[in-house]
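Given next are the chains, with one letter for each unit.
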Amino acid sequence: MKPEDINQVLEKHRQWLLDHTQGTRANLSEADLSGADLSGANLSGANLSGADLHGVNLYRANLSGAYLRGANLREAKNVWSICPIGSRGDTLVAVKHETGLMFMTGCFWGNEEDLIQSINRDHPNDIHGRNYHVAIEFLKMLAEEKIE
């Protein structure tokens, strides 16, 4: 997609997020967004399944409720993912923000502290909880190494 097309889709999505009777929910499934600068973009609730996000900059992007299954995040900037993980075999995504990493998995979107509370509540002392804890530490390590 051309940058102006992406901006138009995101503007309509912004309008939809403010008032579901206005604008249009972003459906970027299978879209070629490679190399796009989506830093600060509000992609909450957007369908990005199968999208080519190769080399995309997602710094400060809001991925709350975004659907990323099958999206290509290879060499994306300021975002890291691990999959499959958890009882549903989902993807755990970490996005760099000014205040630290924000995490998304399934319908969860929040900071590390909130994610750990959710994991401890939903997966106390089971393999999924242990895997999430290790994955969080690994994603934090990757984020420290690759500052963009």
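Data block above holds the structure.
Residues numbered from 1 in each chain as written. Predicted model: local features only at pLDDT ≥ 70, side-chain atom pairs only at ≥ 80, totals over all residues. Heavy atoms only, no water.

### Concerning the nonpolar core
The biggest cluster of nonpolar side chains holds 29 residues, and the ones touching the most others in it are Leu-33, Leu-38, Leu-43, Leu-48 and Leu-63. By size, the runner-up hydrophobic cluster in this structure holds 15 residues, among which are Leu-92, Ala-94, Phe-108 and Ile-119. (Core = buried A, V, L, I, M, F, W, Y, C linked by side-chain atoms within 4.5 Å. Buried < 20%, exposed > 50% of the residue type's maximum accessible area, 1.4 Å probe, protein only.)

### Side note on the side chain of Asn-57
Within the fold, Asn-57 resides in the loop between helix H1 (3-18) and strand E1 (79-85). Within the structure, Asn-57 has its side chain in polar contact with the side chain of Asn-78 (distance 2.8 Å). (Helix = DSSP H or I, 4+ residues; strand = E, 2+ residues; numbered from the N terminus. Polar contact = N/O pair within 3.5 Å; in protein donor to acceptor, adjacent residues only side chain to side chain.)

### Section: the pairing of strand E2 (residues 90-97)
Among the eight residues that make up E2, six are buried, leaving the element largely enclosed by the rest of the structure. Where E1 lies against E2, five bridges are found, and the strand directions are antiparallel. Bridge pairing links Ile-82 to Leu-92 in E2. Hairpin connection, E1 to E2: the antiparallel pair is bridged by four residues, and Gly-86 has positive phi, about 85 degrees. Between the end of E2 and the start of strand E3 (residues 100-105), which pair antiparallel, lie two residues. (Pairing = 2+ DSSP bridges.)

### A closer look at the sheet that holds E2
A sheet is described by the order of its strands in space; here four strands give the open sequence E1-E2-E3-E4, paired in antiparallel fashion. On the outer flanks of this sheet lie E1 and strand E4 (108-111), each paired with one strand and no other. Each neighbouring strand pair of the sheet contributes to a mean axis angle of 20 degrees, computed without reference to strand direction. Packing against the sheet, helix H2 (residues 112-122) makes contact with E2, E3 and E4, and its axis sits at approximately 130 degrees to E4. Each of E1, E2 and E3 is contacted by helix H3 (residues 127-145), which is oriented at about 160 degrees to E1, the strand it contacts most. (Axes fitted to C-alpha atoms, helices over the stretch in contact; angles between N-to-C directions. Contact = heavy atoms within 4.5 Å.)

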